[in-house]
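This is what each chain is made of:
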Amino acid sequence: MKVLVVLSAVLALAAALPQRRVSLKPEASNDQQAAEQNYNNYQQDYRQAQPIDDLRPKVVLESSTYIPIIRFDKEQGTDGSYRTAYETGNDIQAEEQGFLKSLGENQDIPALVQQGSYSYIAPNGEKINVEYTADEFGFRVKGDHIPTPPPVSPEIQKGLDLIYAGIKANQERVALEAKNNPEATKLNEERAILDYKGLYYGN
């Protein structure tokens, strides 16, 4: 009897609660349709939107005067040598030549030697002439407009001469020692290499 009363109460409570409608159609379909509609509306609004203003600063390029090349010559040799020269309409002239030079004790190390010059008109109207050479001794340039260092004083020159004389005497001493005692010279060279590498050696 008590069981029937409990079941009746449960059924009455279930009937009093709001009923939810059950559908076999997936609920996500409505959300999917809404998302597609929003995307289509966004695409349509985006296409109809006004173009974005370009707020970057406008750069106006000023045209310059065209400078013609009056002369251009170039010769290329099969031995690595070459010669080139050109001249422009605003009085710029340049020429350069190069060739291969053998270096080393056996003359088996090729080096490129370049020599040339160029000239142009400075803003103050002065004509600038430059001559240069590039070889195994480095790059050297000459020109009247290039500032030169002041002359070396006699006292400093005397000190430099003493330094150079000491270096030369030391080189002559090492050469004489190498000639008279080649084994000791070889040992000293090996020790110098170890010293350079930071290694220790025994006596």
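Each value, and the rule that gives it
Residues numbered from 1 in each chain as written. Predicted model: local features only at pLDDT ≥ 70, side-chain atom pairs only at ≥ 80, totals over all residues. Heavy atoms only, no water. Phe/Tyr/Trp six-rings, centres within 6.5 Å; stacked < 30°, edge-to-face > 60°. Helix = DSSP H or I, 4+ residues; strand = E, 2+ residues; numbered from the N terminus. Buried < 20%, exposed > 50% of the residue type's maximum accessible area, 1.4 Å probe, protein only. Polar contact = N/O pair within 3.5 Å; in protein donor to acceptor, adjacent residues only side chain to side chain. Contact = heavy atoms within 4.5 Å. Salt bridge = Lys/Arg side-chain N within 4 Å of Asp/Glu carboxyl O. Pairing = 2+ DSSP bridges. Axes fitted to C-alpha atoms, helices over the stretch in contact; angles between N-to-C directions. Parallel < 35°, antiparallel > 145°, perpendicular 65-115°, else oblique. Nonpolar A, V, L, I, M, F, W, Y, C, P; charged D, E, K, R; others polar.

- An unreviewed UniProt entry annotates the protein as Cuticular protein RR-1 motif 34 of Danaus plexippus plexippus.

A word on the packing of aromatic side chains
For any pair of aromatic rings, the description rests on two quantities: the centre-to-centre distance and the angle between the ring planes.
Okay, step 1: Counting across every chain of the model gives three aromatic pairs.
Okay, step 2: When the centroid spacing of 6.3 Å and the interplanar angle of 45° are considered together, the rings of Tyr118 and Tyr132 count as tilted. Placement of the pair is Tyr118 in strand 4 (residues 109-121) and Tyr132 in strand 5 (residues 127-135), with a sequence separation of 14 residues.
Okay, step 3: Classification of Tyr118 by relative accessible area gives partly exposed; the value is 37%.
Okay, step 4: Following the ring pairs from residue to residue traces out a cluster consisting of Tyr118, Tyr120, Tyr132 and Phe139.

Some thoughts on the side chain of Thr84
Okay, step 1: Here Thr84 is to be found in strand 2 (residues 82-88).
Okay, step 2: A polar contact of 3.2 Å, which involves the side chain of Thr84, links it to the backbone oxygen of Asp73.
Okay, step 3: Setting aside chain neighbours within four positions, we find Thr84 in contact with Phe72, Asp73, Lys74, Ala94, Glu95 and Glu96.

Considering the pattern of salt bridges
Where charged atoms from two side chains of opposite charge approach closely, those side chains can pair.
Okay, step 1: Across all of its chains, the model carries six salt bridges by this definition.
Okay, step 2: Close ionic contact of Lys101 with Glu136 constitutes a salt bridge, the shortest N to O distance being 2.9 Å. Of the two residues, Lys101 is situated in strand 3 (residues 93-103) and Glu136 in the loop between strand 5 and strand 6 (138-142); the sequence distance between them amounts to 35 residues.
Okay, step 3: With a relative accessible area of 33%, Lys101 lands in the partly exposed category.

Things to note about unusual backbone geometry
Note on backbone geometry: most residues besides glycine have negative phi, and most peptide bonds are trans.
Okay, step 1: With a phi close to 65°, Asp91 is a non-glycine residue in the positive phi region.
Okay, step 2: Residue placement: Asp91 occurs in the loop between strand 2 and strand 3.
Okay, step 3: Look at Asp91 and you get partly exposed, because its relative accessible area is 46%.

A short note on the sheet that holds strand 2
Okay, step 1: With antiparallel pairing, six strands are arranged side by side in an open sheet as 1-2-3-4-5-6. Two strands close off the open sheet at either side, each with one partner strand: strand 1 (69-76) and strand 6. Along the sheet, successive strands turn relative to each other by an average axial angle of 10°, direction set aside.
Okay, step 2: In this sheet, strand 6 lies alongside strand 5 in antiparallel orientation, the contact comprising five bridges. Bridge pairing in strand 6 places Ala134 opposite Phe139.

Observations regarding the environment of Glu96
Okay, step 1: With respect to the helices and strands, the residue Glu96 is situated in strand 3.
Okay, step 2: Separated by 21 residues in sequence, Glu96 and Ser117 place their C-alpha atoms 6.5 Å apart.
Okay, step 3: Contact partners of Glu96, with chain neighbours within four places excluded, come to Tyr82, Arg83, Thr84, Gln114, Gln115, Gly116 and Tyr132.
Okay, step 4: A distance of 3.4 Å separates polar atoms of two side chains, one belonging to Glu96 and the other to Gln114.

A short note on the packing of helix 3 (residues 154-180) against helix 4 (residues 182-197)
Okay, step 1: Put simply, helix 3 and helix 4 touch, their axes get as near as 5 Å, and they point 120° apart. With respect to their mutual orientation, helix 3 and helix 4 come out oblique. Only Pro182, Thr185 and Asn188 of helix 4 make contact with helix 3, whose side of the interface consists of Glu177, Ala178, Lys179 and Asn180.
Okay, step 2: Split into classes, the residues belonging to the contact of helix 3 with helix 4 amount to two nonpolar, three polar and two charged.

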